[in-house]
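Per-entry structural report
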Amino acid sequence: MTLRNQLVLASSLAVLTAAWMAHARLVDAGDLDVGFLAVGPAGMKIRGSAPSLKANEQDKKIKVTVPVTNLETGIKLRNKHLRRYLEADKFPNATLVVGRGKLKFPEGEQSVEARATGDFTLHGVTKPLAFTYRAKRTGSDYHVQALADIDIRNFKVEVPCYLGVCVEPNIKLKVKFKLREAAD
């Protein structure tokens, strides 16, 4: 094989590999952290978390699912009230679905920061949700951190109150997870 043919073959393989990587399906690779912040009067802050999150790609859409049935706020009674307000038994998950084409994916060992909008479902109600995110690529992994604010009233969730003290309806959300390229 001549040097020219070797170069053509190597270039073709590089293009095919890049095309495959650009279209490789993304699957959950763990490394998760889910948090939320609710504020109330007199500087009250309620920080919460979720112990699980699932993220994957199907039909060229990234879907992130967080079970609301086990949200934690640090106080058992408050956890119980939160689950009641969210009707967690009836609506066990919060989901965000974003078309892959709406997201920016960094090249190897680089990062990207951007904004996007997806369909967010909470309490059985789906609305568009704008969010900011940062994605860093390491090998075949994408390390993602995203931030968003929601008004729970838009999702038909009653504003939580206890003994006359109510939290603000605007909640800050933060998620961190890792996606990995997988062959179909």
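Residues numbered from 1 in each chain as written. Predicted model: local features only at pLDDT ≥ 70, side-chain atom pairs only at ≥ 80, totals over all residues. Heavy atoms only, no water.

Notes on the confidence of the model for the chain
For clarity, the cut-off: Scored from 0 to 100, pLDDT records how confident the predictor is in each individual residue. Any two residues having at least one pair of non-hydrogen atoms within 4.5 Å are treated as being in contact.
Within the chain, residue pLDDT values average 88, and 87% of them lie at 70 or more. Contacts of residues 3-21 to residues separated by more than four positions or lying in other chains number six contacts, the stretch itself having pLDDT below 50.

Quick look at the pairing of strand β4 (residues 54-58)
Convention followed: Three labels apply to residues, based on accessible area from a 1.4 Å probe with only protein chains included: buried if under 20% of the type maximum, exposed if over 50%, partly exposed otherwise in between. Starting at the N terminus, helices and strands are each numbered in turn, a helix being any DSSP run of H or I of at least four residues and a strand any DSSP run of E of at least two. Any two strands between which DSSP finds at least two bridges are classified as paired.
Side chains of β4 alternate between two faces, with Ala55 and Glu57 buried and Lys54, Asn56 and Gln58 left unburied. In the sheet, β4 pairs with strand β5 (residues 61-67) via five bridges, with the strands oriented antiparallel. Across the sheet, residue Gln58 finds its bridge partner in β5, namely Lys61. Between β4 and β5, which pair antiparallel in sequence order, lie two residues; one of them, Asp59, sits at a positive phi of approximately 55°.

Side note on the pattern of salt bridges
To keep things clear, this is the line we draw: We define a salt bridge as a contact between a side-chain nitrogen of Lys or Arg and a carboxyl oxygen of Asp or Glu at a distance within 4 Å.
This model, assessed by the stated rule, comprises nine salt bridges. Two residues, Arg134 and Glu113, come together in a salt bridge whose shortest N-O distance is 3.5 Å. A residue pair is termed long-range when its members are at least 10 positions apart, and Arg134 in strand β8 (residues 125-138) and Glu113 in strand β7 (residues 111-122) qualify at 21 residues. We classify Arg134 as partly exposed; its relative accessible area is 39%. Classification of Glu113 by relative accessible area gives exposed; the value is 61%. Within this structure, Asp141, Lys178 and Arg180 form a network of salt bridges that share partners.

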